[in-house]
Amino acid sequence: TWTGNATFDGPMYVKAVNRPNTLDSYGGDPSGATDCGAAITAALAGYKGVIEPHPRGTYRTSTTIQLPTSNFEYRGARAGVLQGTGVWVNGPQFLWSGAAGGTVVEMVGAEDVVLRGLNIDGGGVAAVTCLLIDSVNNPATYNLKVSEFFMQRFGGIGGGTGYGIRIGQSIVNDYQMDRITVEEGTCYYGDIGISIESDNACDGSIFKRIELLSCNQ
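Residues numbered from 1 in each chain as written. Predicted model: local features only at pLDDT ≥ 70, side-chain atom pairs only at ≥ 80, totals over all residues. Heavy atoms only, no water.

## What to know about the pairing of strand β17 (residues 177-190)
1) Next: In the sheet, strand β14 (residues 141-147) pairs with β17 via six bridges, with the strands oriented parallel. Following the sheet pairing, Val146 is matched in β17 by Val182.
2) Next: With four bridges connecting them, strand β15 (residues 150-154) and β17 associate as parallel partners. Paired with Met151 across the strands is Cys187, a residue of β17.
3) Next: Direction of pairing for β17 relative to strand β20 (residues 206-215): parallel, over a ladder of eight bridges. The partner of Thr186 across the bridge, within β20, is Glu211. (Pairing = 2+ DSSP bridges. Helix = DSSP H or I, 4+ residues; strand = E, 2+ residues; numbered from the N terminus.)

## Topic: the nonpolar core
1) Next: Phe94, Leu115, Leu131, Ile133 and Met151 are the most contacted members of the largest nonpolar core, which has 39 residues in total.
2) Next: A total of four residues in this core trace back to one element, the largest contributor, which is β17.
3) Next: Setting aside residues up to four positions removed in sequence, Met151 forms contacts with Leu118, Ile120, Cys130, Leu131, Gly164, Ile165, Thr186, Cys187 and Tyr188. (Core = buried A, V, L, I, M, F, W, Y, C linked by side-chain atoms within 4.5 Å. Buried < 20%, exposed > 50% of the residue type's maximum accessible area, 1.4 Å probe, protein only. Contact = heavy atoms within 4.5 Å.)

## Brief notes about the pairing of strand β6 (residues 70-75)
1) Next: Sheet topology places strand β3 (residues 49-52) next to β6; three bridges connect them, and they run parallel. Each bridged residue has a counterpart across the sheet, and for Ile51 the counterpart in β6 is Tyr74.
2) Next: When β6 meets strand β11 (residues 111-116), the two strands line up parallel, connected through five bridges. Note that in β11 the partner of Phe72 across the bridge is Val113.

Dropping the structure here:
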């Protein structure tokens, strides 16, 4: 118990600590009951800063989620089987419930973006792409980091090819994408784990400590 007395002569400064915004406040439904992809895309249009998928859960979508492409950080928590342990860890995830051949999350013309703890479940639907990274050259895609990710069930009955992470689409364009880092993640149970398709993709890029489990390629 303090029994003395003290005086204070001078100004007091209080620093405000801002918590990251959470996905549920931007249209997300973590229960998995609502198709919330379009709401998330619309709410985050032009957003800059940090977003967290809170509360943890399953965010279901039947339309492609387009995350902000400039000065943006998605700060999730990795799901899946921890490497070397066999222990399953639950984390927030996007679950595809749309048509075959769809893309769950798309980044086109991204710069200075971090996607950490991005978990995507393709739902076992044929020819699904969990994460598409591409460029339209204006702006080009650069300084993009994807880490601690878990992509699963991309591809299924019905033909076509599914992708965990697809970088560039050479059939569509051949635009430059530089300084992309993909690390510390897992692609599980699908067709092609990671595909680099553009001839001009990934100059000065880093790919490391990536686990491909039960992938055809």
